[in-house]
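Summary of structural features
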Amino acid sequence: MSDWTLKDLKYWDDKIIDIAKGHGLDWFPINYEVCDYYEMIGHMCYHGMPSHYRHWSYGKSFERTHQMYNLGMEGLPYELIINSNPSIAYLMRENPLYLQILIMCHCIGHSDFFKNNRNFSETHPEDITTRFRNAKRRIHDYSENTNIGSKKVEAFLDAVHTIKFQTERNNRTRLSRRELKEKYVDVINSSNDYNFIDVDKKLISKDNDLLSFLIEYGTHFEDWQLDILSIVRDESRYFIPQIKTKILNEGWASFWHYKLMHKLELPQDCHLPFLKSHNQVIKPMVGKVNPYHLGFHMFKKIEERDGIDECFLIRSIHDDAAAIRCYLDLDDFRELNLFSYSTKSDGVTIDEISDDRGWEEIKLDLINATGMNSMPQVIVSDISDCGDLIIEHMHDGRDLDLEYAEQVVNNIKNLWPGDVKFFTIIEEDSWEI
Amino acid sequence: MSIFKNHKTSADRSASDRSRHKEKIKRALREGIYHIVSDESIIGQDGKKKIRIPVRGIKEYQFVYGDNPSNRKVGGAKGKSIKRGQKISERRRARKGSQGAGNEAGEEYYDVEITLEELGRYLFDSLNLPDLEKKKIKTILGEKTKRSGHRNSGIRPRLSKKETLKNKLRRKKATQFAREADAEGEDERFPFHESDLRYRHIKTKPRENSDAVIFFIMDTSGSMNKKKKFIARSFFFLLYHFLRHRYENVELVFISHSIDAKEVGEDDFFKKGSAGGTLISSGLEMAVEIMNKRFHPDSWNIYTFHCSDGDNWPEDNDRAVSLSSKLKELCQLYCYVQIVPDEDVSTLWTQGGMASVYEGIADGRFKIVQLSLVEDIWTEFKRIFGGGNV
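Residues numbered from 1 in each chain as written. Chains lettered and ligands numbered in written order. Predicted model: local features only at pLDDT ≥ 70, side-chain atom pairs only at ≥ 80, totals over all residues.

**Some details on the overall build of chain A**
Within chain A, the secondary structure is distributed over 17 helices and nine strands. Over its C-alpha atoms, taken along the principal directions, chain A stretches across nearly 75 × 60 × 50 Å. Out of the 433 residues in chain A, the part that is buried amounts to 42%. A fraction of 73% describes how many contacts in chain A between residues 6 or more apart in sequence connect residues 24 or more apart. (Helix = DSSP H or I, 4+ residues; strand = E, 2+ residues; numbered from the N terminus. Buried ≥ 20, exposed ≤ 12 C-beta atoms within 10 Å, placed from the backbone. Contact = placed C-beta atoms within 7 Å.)

**A look at unusual backbone geometry**
Residue and element names in this part refer to chain A. Between asparagine 85 and the following residue, proline 86, the backbone shows a cis peptide bond with an omega angle of -5°. Position of proline 86 among the secondary structure elements: in the loop between strand E2 (80-82) and strand E3 (87-92). Phi at histidine 47 takes a positive value of approximately 55°, unusual for a residue other than glycine. Within the element layout of this structure, histidine 47 appears in the loop between helix H2 (37-44) and helix H3 (56-71). Phi is positive for glutamate 427, which is not a glycine, with a value near 45°. Residue placement: glutamate 427 occurs in the loop between strand E8 (420-426) and strand E9 (429-432).

**Quick notes on the sheet that holds strand E4 (residues 87-89) of chain B**
Overall, antiparallel pairing links the four strands, which are arranged E3(B)-E4(A)-E5(A)-E4(B) in an open sheet. The open sheet has two edge strands with one neighbour each: strand E3 (73-76) and E4 of chain B. Across the sheet, the mean angle from the axis of one strand to that of its neighbour is 40°, orientation sign disregarded. The pairing of strand E4 (residues 338-344) of chain A with strand E5 (residues 347-353) of chain A spans six bridges and is antiparallel. Across the sheet, tyrosine 341 of chain A pairs through a bridge with isoleucine 350 of chain A, a residue of E5 of chain A. The sheet contacts of helix H16 (residues 359-368) of chain A involve E4 and E5 of chain A together with E3 of chain B, and relative to E4 of chain A the element is tilted by about 70°. (Pairing = 2+ DSSP bridges. Axes fitted to C-alpha atoms, helices over the stretch in contact; angles between N-to-C directions.)

**Thoughts on the sheet that holds strand E13 (residues 366-371) of chain B**
Residue and element names in this part refer to chain B. Taken in spatial order, the six strands of this open sheet run E10-E9-E8-E11-E12-E13, and their pairing is mixed. Since the sheet does not close on itself, it has two edges, and those belong to strand E10 (261-264) and E13, each with one partner. Ignoring which end each strand starts from, the neighbouring axes of this sheet average 20° apart.

**Concerning the interface of chain A and chain B**
Tallying the contact residues gives 72 residues for chain A and 56 residues for chain B. Secondary-structure elements contributing two or more residues to the side of chain A that touches chain B are helix H1 (6-22), strand E1 (30-35), H2, H3, E4, E5, H16 and helix H17 (402-413) of chain A. Counting residues per element, the side of chain A that touches chain B draws most heavily on H3 of chain A, which supplies nine residues. The pairing of E4 of chain A with E3 of chain B spans four bridges and is classified as antiparallel. Directly across from tyrosine 341 of chain A, in E3 of chain B, lies its bridge partner lysine 73 of chain B.

**With respect to the packing of helix H5 (residues 128-144) of chain A against helix H9 (residues 223-244) of chain A**
All names here are of chain A. Orientation of H5 relative to H9, taken along the N-to-C sense of each, is 150°, at an axis distance of 11 Å. Relative to H9, H5 is oriented roughly antiparallel. For the crossing formed where H5 meets H9, the hand is left-handed. On the side of H5, the interface is formed by Ile128, Arg131, Ala135, Arg138, Ile139 and Tyr142, while H9 contributes Trp224, Asp227, Ile228, Ile231, Asp234 and Tyr238. Its residues placed into classes, the contact of H5 with H9 shows eight nonpolar, no polar and four charged. (Parallel < 35°, antiparallel > 145°, perpendicular 65-115°, else oblique. Left-handed = near helix turned anticlockwise from the far one by under 90°. Nonpolar A, V, L, I, M, F, W, Y, C, P; charged D, E, K, R; others polar.)

**A word on the domain arrangement of chain A**
Residue and element names in this part refer to chain A. Taken as a whole, chain A is organised into domain 1 (6-117 + 245-327) and domain 2 (330-374). Taken together, the contact pairs ten residues of domain 1 with eight residues of domain 2. Counting only elements with at least two residues in the side of domain 1 that touches domain 2, the list comes to helix H10 (246-263), helix H12 (291-306) and helix H14 (320-327). No other element matches the four residues that H14 contributes to the side of domain 1 that touches domain 2. For the side of domain 1 that touches domain 2, a count of residues per class yields four nonpolar, one polar and five charged. (Domains from an automatic or database assignment.)

**Points about H10 of chain A**
Residues and elements named next belong to chain A. For H10, spanning 18 residues, the distance from its first C-alpha to its last is 26 Å, which sits close to the expected 26 Å at 1.5 Å a residue. In terms of burial, H10 is largely enclosed, as 16 of its 18 residues are buried. The positive-phi residue at the C-terminal boundary of H10 is glutamate 265, with phi of around 55°. (Expected span 1.5 Å × (residues − 1).)

**Digging into H16 of chain A**
For H16 of chain A, the set of buried residues is Trp359, Ile362, Lys363, Asp365, Leu366 and Asn368 of chain A. Residues of H16 of chain A that are buried in the fold lie against H14, helix H15 (330-336), E4 and E5 of chain A together with E3 of chain B.

**Some details on the packing of helix H6 (residues 149-161) of chain A against H9 of chain A**
Residues and elements named next belong to chain A. Axis separation between H6 and H9 bottoms out at 10 Å; the angle between their running directions is 40°. With respect to each other, H6 and H9 are oriented oblique. Along this stretch, H6 crosses H9, giving a crossing that reads as right-handed. For the pair H6 and H9, contact is made by Phe156, Leu157, Val160 and His161 and by Gln225, Ile228, Leu229 and Val232, respectively. Considering only residue class, the contact of H6 with H9 consists of six nonpolar, two polar and no charged.

**Describing the confidence of the model for chain B**
Residues and elements named next belong to chain B. For chain B, per-residue confidence averages 73 on the pLDDT scale, and 68% of positions sit at 70 or higher. Here helix H3 (residues 132-136) is the element of chain B with the lowest mean pLDDT, 39, and E3 is the one with the highest, 90. Residue range residues 92-106 is modelled with pLDDT below 50. Its contacts to residues more than four positions away, or to other chains, number 23 contacts. Model confidence for the complex is summarised by a pTM of 0.70, with the ipTM given as 0.89. (pLDDT = per-residue confidence, 0-100.)

**Regarding the nonpolar core**
Ala89, Cys105 and Ile108 of chain A are the most contacted members of the largest nonpolar core, which totals 110 residues. For this core, the leading source of residues is helix H4 (residues 97-116) of chain A, giving ten residues. Shared between two domains, this core holds at least three residues of each, these being domain 1 (6-117 + 245-327) and domain 2 (330-374) of chain A. If near-sequence neighbours (up to four positions away) are discounted, alanine 89 of chain A is found in contact with Ile30, Tyr32, Glu79, Leu80, Ile81 and Cys107 of chain A. In terms of nonpolar packing, the next biggest core, distinct from the first, is built from 54 residues, Ile217, Phe305, Tyr358 and Phe381 of chain B among them. (Core = buried A, V, L, I, M, F, W, Y, C linked by C-beta atoms within 7 Å.)

This is the structure in structure tokens:
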């Protein structure tokens, strides 16, 4: 059995809060839920959301995590906290006291990051759990509705999920179709130099938000379909900031749990296990980038070099790609011992190593592999005269996986009444699906 | 101050999504099942035995970067001794699991545990065999017993305690109700009465007798290499499970032959090395002999499958043909399977091998199948059993 009670947790929580406040951390109140490992995986597969609509893919995610856990392939991440106000965090009943204390410190770091980082400004943490709950209820109702039914709902979700991250990534405000039209009319009225477009049929400008495009231009959809499209879009918008700041967020939380734990005056028998767990978490991984490791490294180094205020600045304004670009230099790459590699026809080989010749390229590769940059983006470039949807991949030098692309395009065809044409570049030649 | 509470379990929240996922996996399994011909020795295994088969995960497609030179990944190295151009992995391998937010394409496998019976059901339910198959399965009348309700009289062993007790309770309640007006004879004993007793009734039903015997005959001459044997084995696997699915009692006879024939165990049948020349008639003769001795066609459904690469000694052909005509009469289905892996096609196909010798006597009961790839097995299999367009 565990070596702690809820009372112990409260006792340590008070201490942690005092110290954290003294350091200027500013976070949402946290509600901790104590659960067992099975429930933990259950919550993990819904990204920790207390309620979430149903789809088989979350069952798959559960099976995979569970399978890996049983095989010992992957220790469960030792914390799960969601960006909400109050924040909801889960503590695993099986963990010993020192680990709970560590996780609580860690969670304060996350919650502080959620509350203060610019990227999260549009996530509305105060009502996110309600939004998810309502979405779940509505989708449930569509499944129960005799005119719709669970089969149609599932098929539609299957299709929409293939493009779930094809939406605005940078919190830019979207001009609605009507606003675009008005602007276009202004242009026509004020100058003689324009191309004539039939604004009711064609696209006035390219659209980088496929989901919003479908919601606005997909007049063929039924109400429940439009609703599902916006549910999925809203969920992605909510999670995109987390994807973009994985390294900083984990780094910040690890940076703070390390600091706070040292200030806590832990009993002797807790200190060594704490250091052991900490080192396990921030351990570099061979062939991969461990976000805990990289993030912890960055904050520690920047604190030493530029002071703690600079760290707070980063936590407020940056995402991973920007922080890597601004703060990592040759010394870091040497120390982190990073290399880049890729798959050739005859095997996987190393492309660059972290010496003075290669580190800058690795830096670019790292930025490309980070956050939303690791997901290709497509834009709607036009609607043809016969109503076909024309989608373009924003090729940045990296070619798509064609098998996957084909399947996704097939799914988009299920969402659009006309044909769908997709353009990308494969091995420097244009390619059409 | 933070709030702590024990999580109130709202049941197993992902249960329904998991079962839906399982359903999808099973469907994928059903659709792709003919790819799974396991290396395990499953022929002749009990149908209750569970096997684990890896099933390719159901992919969640999104736009992802491909695994190619233009898509560079970054990672930490173990030591300082790495060089540009150094090879770190031999071939493109399917990665297990996925890294990060599922933004990489990778193969995932899920282990599905399934009994051979289930496997058979998936396999053959999807076949939708038309009526033709009925003609091939001879019905021999037998008797089958089945429970059917209860009776007031019967033999002791069939006494139904539950029904009897129910009747007693009924009677007791009725008596109490009737007595209520009178005195209160409450705790009087209330014994069972003859009229409470109920017996299970058992009906006999005629049914198709389902004894079948399958003769697997394999050519183990020198020209039957590993690849051909694998194809043969895969084909036998399907046949066995198909017939098992149809009959309750299936016996197997394995005969291997080169110049002379031997009845062997299953293990030997598939593992024994190949050597020597080929006299197809030897195997057929042995089969006829065993049928006469042990499996009379009046009480057994006999199936014979003969796998060979079609490379027979020419002087034996006449004898093989006459024995085959005889076998045809004895069996529900007699099937000659000629296996010629792709690379041999040009050399042998033109002459046709044994298949062309048999051509004249082939009919609904005697079928000739030619296989060259494992992938053909399912199509050929369907051709034998499914549909009249053979």
